[in-house]
Amino acid sequence: LVAALPVPIRVVGKKILKYIPVFGQLLLISGQIIIDRSNPKQAFAELDKAADKIRKGMSVLFFPEGTRSPDHKLGPFKKGGFILTVKAGVPIVPISISGTQSMMGKGKYSFQRPKVVRIKIGDPILTRDFGPEQKQELMDQVRRAMIRGFDPETEEGNANQDELLTPGPKAA
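Residues numbered from 1 in each chain as written. Predicted model: local features only at pLDDT ≥ 70, side-chain atom pairs only at ≥ 80, totals over all residues. Heavy atoms only, no water.

Some points on the packing of helix α2 (residues 40-55) against helix α3 (residues 80-88)
Contact geometry for α2 and α3: axes closest at 9 Å, N-to-C directions at 45°. The angle between α2 and α3 falls in the class oblique. Crossing of α2 against α3: the hand is right-handed. Between α2 and α3, the contacting residues are Phe44, Leu47, Asp48, Ala50, Ala51, Ile54 and Arg55 on the first element and Gly80, Ile83, Leu84, Lys87 and Ala88 on the second. The residue makeup of the contact of α2 with α3, split by class, is eight nonpolar, one polar and three charged. (Axes fitted to C-alpha atoms, helices over the stretch in contact; angles between N-to-C directions. Helix = DSSP H or I, 4+ residues; strand = E, 2+ residues; numbered from the N terminus. Parallel < 35°, antiparallel > 145°, perpendicular 65-115°, else oblique. Left-handed = near helix turned anticlockwise from the far one by under 90°. Contact = heavy atoms within 4.5 Å. Nonpolar A, V, L, I, M, F, W, Y, C, P; charged D, E, K, R; others polar.)

Looking at the confidence of the model for the protein chain
In the predicted model, the protein chain carries a mean pLDDT of 84, and 89% of its residues have values of at least 70. Of all helices and strands in the protein chain, the one with the weakest mean pLDDT is α2 (83), whereas helix α4 (residues 135-149) scores best (94). (pLDDT = per-residue confidence, 0-100.)

What to know about the packing of aromatic side chains
For the structure on display, the rule yields two aromatic pairs. Note on phenylalanine 62 and phenylalanine 82: the rings are 5.4 Å apart at their centroids and 80° apart in plane angle, and the pair reads as edge-to-face. Residue phenylalanine 62 is found in the loop between β3 (59-61) and α3, and its partner phenylalanine 82 is found in helix α3; the two are separated by 20 residues along the sequence. When its relative accessible area of 0% is taken as the criterion, phenylalanine 82 is described as buried. Each ring, one from phenylalanine 77 and one from phenylalanine 82, has its centre 5.8 Å from the other, and the planes form 15°; the classification is stacked. Cluster of aromatic residues (ring-pair linked, three or more members): Phe62, Phe77 and Phe82. The positively charged end of arginine 143 is found above the aromatic ring belonging to phenylalanine 77, 4.8 Å away from the centroid. (Phe/Tyr/Trp six-rings, centres within 6.5 Å; stacked < 30°, edge-to-face > 60°. Buried < 20%, exposed > 50% of the residue type's maximum accessible area, 1.4 Å probe, protein only. Lys NZ or Arg CZ within 6 Å of the ring centre and 35° of its normal.)

Observations concerning the packing of α3 against α4
At a minimum axis separation of 10 Å, α3 and α4 run at an interaxial angle of 110°. It follows that α3 is roughly perpendicular to α4 by the angle criterion. Residues Phe82, Ile83, Thr85 and Val86 of α3 touch α4, and the partners they reach there are Lys135, Leu138, Met139 and Val142.

Structural notes on the pattern of salt bridges
Per the counting criterion, the structure on display carries six salt bridges. The residue aspartate 36 makes a salt bridge to lysine 15 at a minimum N-O spacing of 3.7 Å. Taken together, the positions of aspartate 36 in the loop between β2 (33-35) and α2 and lysine 15 in the loop between β1 (9-14) and α1 (23-29) put the pair 21 residues apart, joining distant regions of the chain. Looking at lysine 15, the relative accessible area reads 29%, which means it is partly exposed. Among the salt bridges present, the one from lysine 87 reaches aspartate 48, with a minimum N-O distance of 2.3 Å. Of this pair, lysine 87 sits in helix α3 while aspartate 48 sits in helix α2; the two residues are 39 residues apart in sequence, bridging distant segments of the chain. What makes lysine 87 partly exposed here is its relative accessible area of 36%. A residue is classified by how much of its surface remains accessible, and aspartate 48, at 36% relative accessible area, is partly exposed. (Salt bridge = Lys/Arg side-chain N within 4 Å of Asp/Glu carboxyl O.)

Dropping the structure here:
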């Protein structure tokens, strides 16, 4: 994903990722944003620092589910990344990724050869009209944009299309 994006980015990741051999060390030395979700005070302090960096022009990537899906369906979204973008006053660019489960399924840390990985970069969603009290509306809008970005011929597209007809899961 990082190679497909047109600008340099920082990734928001959960604390446990820093303990994965090699990958964790790369996260730390490359200045990625590590959040300890078990410590809300620390997590919000890190999000405040990230919001300042974003206002200064840094692009930040967050995975709204906070984990990988075991069944191709989008899981409930975490609120942190949405709070971050509202604080920073910047748009969210929804990205839909299909086909990565064939490369490394949930709970696995070994790579297999993928069939095809598809990345769809959606249109920006402005956040300036959203306050903290409207974060659920923003989350729902981003979720629908991500689902629309899945190729309907993929497992992700098939697994999530029904959600466009009915309300999706609320935030975790």
